[in-house]
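# Coordinates in review
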Amino acid sequence: MAHVEPAHLVELALRNAVPTEADTEALRHVEQCDRCRDELRVLTRLVTAARTAKALDLPTPPPDHVWHDITRKVSQEPTPPQGDDEGPDSRSAPEG
């Protein structure tokens, strides 16, 4: 049997539907295939983490002053690079 399709592995990890014959065949393959077994293990851990997450686990947005600072800095006119007052045209090509 070919590797289990990634979408099918996701469905197996979610366990939202009544198992079908295709699911049984896929699980037989997973038992014998390290690659598919590892992928299903990762997906199952992800599903479990997502289903057990609490509001406390979620990142909190930064305070408003952070967004105001970001907006202000992004909106500013670009400043010329520090260095020679004469600019890049004043550099001469190496003589030789």
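Preceding this section is the structure that the text describes.
Here's a quick rundown of the structure. Given the structure is predicted, the values throughout are model-derived calculations rather than measurements.

Conventions adopted
- Residues numbered from 1 in each chain as written.
- Predicted model: local features only at pLDDT ≥ 70, side-chain atom pairs only at ≥ 80, totals over all residues.
- Heavy atoms only, no water.
- Helix = DSSP H or I, 4+ residues; strand = E, 2+ residues; numbered from the N terminus.
- Buried < 20%, exposed > 50% of the residue type's maximum accessible area, 1.4 Å probe, protein only.
- Contact = heavy atoms within 4.5 Å.
- Salt bridge = Lys/Arg side-chain N within 4 Å of Asp/Glu carboxyl O.
- Axes fitted to C-alpha atoms, helices over the stretch in contact; angles between N-to-C directions.
- Parallel < 35°, antiparallel > 145°, perpendicular 65-115°, else oblique.
- Nonpolar A, V, L, I, M, F, W, Y, C, P; charged D, E, K, R; others polar.
- Core = buried A, V, L, I, M, F, W, Y, C linked by side-chain atoms within 4.5 Å.
- 1 Å grid on protein atoms, 1.4 Å probe; cavity = no way out; pocket = protein on both sides within 12 Å on 5 of 7 lines; lining within 4 Å.
- Points joined across faces, edges and corners; volume = space filled by probe spheres on them.

Another aspect to go through is the overall build of the protein chain. For the protein chain, the count of helices and strands is four helices and zero strands. In sequence order, the protein chain lays out its α and β elements as α-α-α-α. Burial statistics for the protein chain: of 96 residues in total, 14% are counted as buried. Across the protein chain, contacts joining residues at least 24 apart in sequence account for 62% of those joining residues at least 6 apart.

This model, assessed by the stated rule, comprises three salt bridges. Between D38 and R41 there is a salt bridge; the shortest N-O distance is 3.0 Å. Residue D38 and its partner R41 are both found in helix α3 (residues 34-52); the two are separated by three residues, about one turn of the helix. Among the residues examined, D38 registers a relative accessible area of 39% and is labelled partly exposed. Its relative accessible area of 44% is what places R41 among the partly exposed residues. Of the charged contacts, one joins R72 and D69 as a salt bridge, the two residues approaching to 3.6 Å between their closest N and O atoms. Here the residue R72 and the residue D69 both occupy positions in helix α4 (residues 64-75), the gap between them amounting to three residues, near one helical turn.

Let us now look at the packing of helix α1 (residues 6-14) against helix α2 (residues 21-32). Direction vectors running N to C along α1 and α2 enclose 100°, while the axes themselves pass 11 Å from each other. Relative to α2, the element α1 lies roughly perpendicular. Here α1 contributes H8, L9 and L12 to the contact with α2, which in turn contributes A22, D23, A26, L27 and V30. Across the contact of α1 with α2, the residue classes tally to six nonpolar, one polar and one charged.

Within the largest apolar cluster, 11 residues are counted, these being V4, L9, L12, A13, A26, V30, C33, C36, L40, L43 and V47. Among the elements of the structure, α1, α2 and α3 are those that each provide at least two residues to this core.

Roughly 230 Å³ of internal volume is contained in the largest pocket. If you go around the largest pocket, you meet 13 residues; those closest to its centre are E11, L12, A13, R15 and D23. Residue assignment for the lining of the largest pocket shows that the elements contributing at least two residues are α1, α2 and α3. Residue contributions to the lining of the largest pocket peak at three residues, all from α1. Here the lining of the largest pocket is built from residues that sort into seven nonpolar, three polar and three charged.

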